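In case you want the letters, here they are:
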Amino acid sequence: MFFKWIVHLAVWFLVQAVTEKCQKGNMSSNTASQVLYGSNITLSCRLTQHERCNKIAIFHNGSDIKSIHGTEISTDISVLDYGRLVFTCKLLCDYTKKLICGIDIESGNPPDQPTNVSCIQFGEDGNPTCRWDKGRFTHINTTYMLQLSNGTDIFSFLEENVNNKYGLLDLRKKLNFESTYTAVVAASNGLGSAFSQPLTFMLIDIVKPRSPTDITVKFDNNSATNCTILWQDQQATQRFRLRYRPITSQQWTMVNWLSTRRYSLHDLKPHTEYEFQVSCRFHPSRGIWSDWSTFQTRTPEAVPVGLLDVWYVMQDIDSQRQTVTLFWKALNESKARGKILHYSVTFQEESHRSPKAAEVNTTTQTHYAKVIPMMNYNITVCAHNSKGTSPPTSISTHLNVLDLPPPRSVFATSKGNNSIFVTWEPPSNPSSFINGYVVEWVRRRHRNTSSRHHLNWIKLLASDLSTVISENIKHRACYHINVFALYNNRAGQVASTRGYSRQEAPAAGPQVYATAEADGARVSWDEIPDHQQMGCIASYNIYLRNKNADVVPKIYSIRQESSRNSFYIKNLQQGVDYTLWMTASTLAGEGPKGNEQPVYLESASEWTFILSVCIFIVISICMCSVPCINKALCSLFSIFVPQWYSKAIPDPANSSWAKKFTSVNDELSLYPKPFLSNLSSFEEPETIEVEEVFIKRDSLAFEDQLIFNVKSNGSQDWQIGSFEKQDSAKKNSECKPLATSIADDGDNYGCQLPYLYKKLIAEETEQIQTISNYLPNPLMDTTVNYLPSNVLVSTVENNEDNSELEYNSISVFPTTSLLTPVFSCGGNLTLDAIKVDCNSFKG
């Protein structure tokens, strides 16, 4: 009662009318500062100071509510907004507003009654924590307080949580297990107050133990189905509970009211992942259970149980051999009872003679193929894991079973939810007993692969004539479906169809190719990639259009079942440009066109022209190979060519130069052969220093005629001509060259010239002094330089007697009749340096 009296007193203070006093005036409301949403309030404003302006107004959030001329104003307002509302009173002077005073009002709801009050303590040494639901949001300041009483003492705790939906309060007080406590939550604001229903409890009721620890599972004698689960707990807990399940299941198996820290379980599934959970509480019949402790483990393996479901396909290779292919489904987990390591396939001949030993083969696949002799066999298939072998599945082959008709009227319908509904009718007049059907399906992109890795199948009873296939079925994909009957577990002839779960129009067109043939065109195409087919292709359309005519393309429709990715278009016009393209269609619609391909059939006139040209070329070649015809054609051809073309060309061998060259061949042969043989490989001659000295044996003047003479009157005169040679005997006796200084480069100098210099003979001895101005002093000037090619001239003999040539007429220096000032050879001539290009001696 005292607690409730305090709450009511606090509320009374809050609901008193509110008034704000300011320097220029005051403002008030007829209600408290907190009002109920939707209620009406009266606001008043009074100006207490004298002002020049006497117009005042009340504003809400900057908006003018009411204005009046005077010093007092009052107005009624409906509160239609939650939260804090600001009202102001202002003095209006011309275009300015002066604040007189203001007031704040809060709009909200009274608190709801707190509900779902609960308290909990984690562990024996923890503190109690209480929680409750606050109800609707009040939008104004609301106080929550918890009162805890043990019958003699009352403890109050003020909530510090700011959450608007629920309250949470840590009592921070130790409770004892003997006392009984009562908890009440009070909520209050300016609009009212509310109290929760009292919660009465003992500490044993709210203490939550910590979860058990160290859970272990031990299997009895390596058993795969029986185990003992153990756990630890360091608290004074008295009750435990246990639950477990296979990890793939949602249903738990519960074991309650356990007083010990161990329990034995039976009939577990071998080789199965299990989840075990344990919790505890302090009192056997009251209190809070702890959180679950979790432990996962896998049970051991066991010997496989159950038979493999086996069927086979048999094909003859020749009269002596046959291929048998066996298929089976893997055992499910409950029958495999462990990881299947391999399968064993045993072949035993059924012969009246002494039977051969059984042949055992192993495989890790769920199918096996073997070539065997043409006889009956007893075949067994077993599965193996680490613990043992499953019971054998036996089948017998029979050579005399020949008529194995297929099922009739196989049809596939889309189910739309990643599944296909397949129906069929039994074979007509079967000669053997039908013990079931097999439906197999494969995506079309894997249809032509030799491996059966992508093959899915299901085995049905003989009474089943329909099934829904959903394994590995996807939207926008086409599947090839086979159905065949089993005759004593042997597959008969197959009946096929196509199916899809959901399809759309193709996303692309085929890649088309066209080749002109006779009066038409052969059209071939590549299949659309599987991911762009978007279902099962039902038909193709070929569009053919004349490029030079504005006409509608001609369409050739081709059923997918009848197409071989090739089609022949007949009766095309020759000499006309065509363009063709293709589209593909599913039952959902036609896809876009593929590439365009030009088609052109050449006309007969074009072929006639080409054939005529070829015949003319062949006849011309044949005629030119006959000598008489060839000669006549050449004579005819010579009439139409210019005269210079048929004019005879002189033979260079008859020239005087060639004769002179022949006369000096003997003289050239006297010089070293390496010089002549290495001319072709000479690249860049080296510079050597040469000094030539003329020794005068007798006082005979040179008698060669100069081109350049100095006359007595001081004038100079040029004479066009050559040096005139004197008697060869006199010349030989007068001047002979003597090389006094030659730079020896060894044997590497591969170009040794026979005559490096020509004699220059002066006509008069007194001319030496004039010419000497143009020659270097052989004794004083030793500057290394090159001899210009236009200084020396080849000697030409103008007389009929050319037999007395002293020097070789094949000169390394070019011959010219225009010389720079020529000098007399009187005295010594020294050439300090010379560079010779041996390429002038070639050929």
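Because the structure is predicted, anything quoted here is derived from the model rather than measured.

The rules we used
Residues numbered from 1 in each chain as written. Predicted model: local features only at pLDDT ≥ 70, side-chain atom pairs only at ≥ 80, totals over all residues. Heavy atoms only, no water. Helix = DSSP H or I, 4+ residues; strand = E, 2+ residues; numbered from the N terminus. Buried < 20%, exposed > 50% of the residue type's maximum accessible area, 1.4 Å probe, protein only. Contact = heavy atoms within 4.5 Å. Areas by Shrake-Rupley, 256 points an atom, 1.4 Å probe, with all protein chains shown as cover. Polar contact = N/O pair within 3.5 Å; in protein donor to acceptor, adjacent residues only side chain to side chain. Phe/Tyr/Trp six-rings, centres within 6.5 Å; stacked < 30°, edge-to-face > 60°. Lys NZ or Arg CZ within 6 Å of the ring centre and 35° of its normal. Pairing = 2+ DSSP bridges. Axes fitted to C-alpha atoms, helices over the stretch in contact; angles between N-to-C directions. Disulfide = S-S within 2.5 Å. pLDDT = per-residue confidence, 0-100.

In this section: the overall build of the protein chain. Each helix and strand in the protein chain was counted, giving twelve helices and 52 strands. Residue burial in the protein chain is summarised as follows: out of 843 residues, 39% are buried. For the protein chain, contacts bridging at least 24 residues in sequence account for 66% of all contacts bridging at least 6. Split by element, the accessible area of the protein chain, about 48400 Å² in all, is 51% carbon and sulfur.

Tracing the sequence through the fold places Asn456 in strand S36 (residues 456–460). Classification of Asn456 by relative accessible area gives buried; the value is 11%. Of the polar contacts made by the side chain of Asn456, one reaches the side chain of Asn472; its length is 2.8 Å. Setting aside anything within four residues of it in sequence, one finds Asn456 in contact with Val439, Glu440, Trp441, Glu471 and Asn472.

Going through the model one piece at a time under the given rule, you end up with 16 aromatic pairs. Taking the centre distance of 5.4 Å and the plane angle of 50 degrees together, the rings of Trp525 and Tyr540 count as tilted. With Trp525 in strand S42 (residues 520–526) and Tyr540 in strand S43 (residues 539–546), this pair connects stretches of sequence that are 15 residues apart. When its relative accessible area of 3% is taken as the criterion, Trp525 is described as buried. Here a set of aromatic residues connected by ring pairs shows up, and it is made of Trp311, Phe327, Trp457 and Phe484. The ring of Trp252 has Arg243 sitting right over it, with the charged end atom 4.3 Å from the ring centre. Geometry around Phe421 places Lys415 over its ring, the cationic atom sitting 5.7 Å from the centre.

Right, let's get into the sheet that holds strand S25 (residues 293–298). Overall, antiparallel pairing links the four strands, which are arranged S22-S21-S24-S25 in an open sheet. Strands at the two margins of the open sheet, each flanked by one partner only, are strand S22 (253–258) and S25. Across this sheet, the average inter-strand angle for adjacent strands is 15 degrees, counted without regard to direction.

So, about the sheet that holds strand S7 (residues 72–78). Strand order across the open sheet formed by four strands is S1-S2-S4-S7, with antiparallel pairing between neighbours. Single-partner strands in this sheet number two, and they are strand S1 (19–21) and S7. On average, each strand axis in the sheet is tilted by 10 degrees relative to the strand beside it, whichever way the strands run. Where strand S2 (residues 25–29) meets strand S4 (residues 40–47), five bridges bridge the pair, whose relative direction is antiparallel. Along S4, the bridge assignment pairs Ser28 with Ser44.

Turning to its location among the elements, Gly306 is positioned in the loop between S25 and strand S26 (310–316). Ignoring any residue separated from it by four or fewer positions in sequence, one finds Gly306 in contact with Leu331, Lys335, Ser390 and Pro391.

Scanning the model with the defined rule gives five disulfides in all. Disulfide partner of Cys53: Cys93, at an S-S distance of 2.2 Å. With Cys53 in the loop between S4 and strand S5 (55–60) and Cys93 in strand S8 (residues 83–93), this pair connects stretches of sequence that are 40 residues apart. The class for Cys53 is buried, based on a relative accessible area of 9%. Cys93 sits in the buried class, given a relative accessible area of 5%.

Negative phi is the rule for most residues except glycine; trans is the rule for most peptide bonds. A positive phi angle is found at Trp257, which is not glycine, with a value near 55 degrees. One can find Trp257 in strand S22. Positive phi, normally seen in glycine, also occurs at Ser409, with a value near 55 degrees. Residue placement: Ser409 occurs in strand S33 (residues 408–414).

Right, let's talk about the side chain of Ser279 for a bit. If you trace the backbone, Ser279 turns up in strand S24 (residues 273–281). For Ser279, a relative accessible area of 0% gives the class buried. Here the side chain of Ser279 touches Arg241 through a polar contact of 2.7 Å, side chain to side chain. Once residues within four sequence positions are removed from consideration, Ser279 is found in contact with Pro212, Arg239, Phe240, Arg241, Trp289, Ser290, Asp291 and Trp292.

Mean pLDDT over the protein chain works out to 78, with 72% of the residues at or above the 70 mark. A low-confidence stretch, residues 1–15 stays under pLDDT 50, and its non-local contacts, those more than four residues away or across chains, total 18 contacts. Below a pLDDT of 50 lies the segment residues 670–682, which in the model reaches 21 contacts outside its immediate sequence neighbourhood of four places, other chains included.

The next subject is the environment of Ser466. Here Ser466 is to be found in strand S37 (residues 466–469). Ser466 gets classed as partly exposed once you look at its relative accessible area, which sits at 34%. Between the alpha carbons of Ser466 and Tyr437 there is a distance of 9.8 Å; along the sequence they are 29 residues apart. Beyond its immediate stretch of four places on either side in the chain, Ser466 contacts Phe421, Val422, Thr423, Trp424 and Leu460.

Quick look at the environment of Lys387 now. Inspection of the secondary structure puts Lys387 in the loop between strand S31 (377–384) and strand S32 (393–396). For Lys387, a relative accessible area of 45% gives the class partly exposed. The spatial distance from the C-alpha of Lys387 to the C-alpha of Arg337 is 9.1 Å, given a sequence separation of 50 residues.

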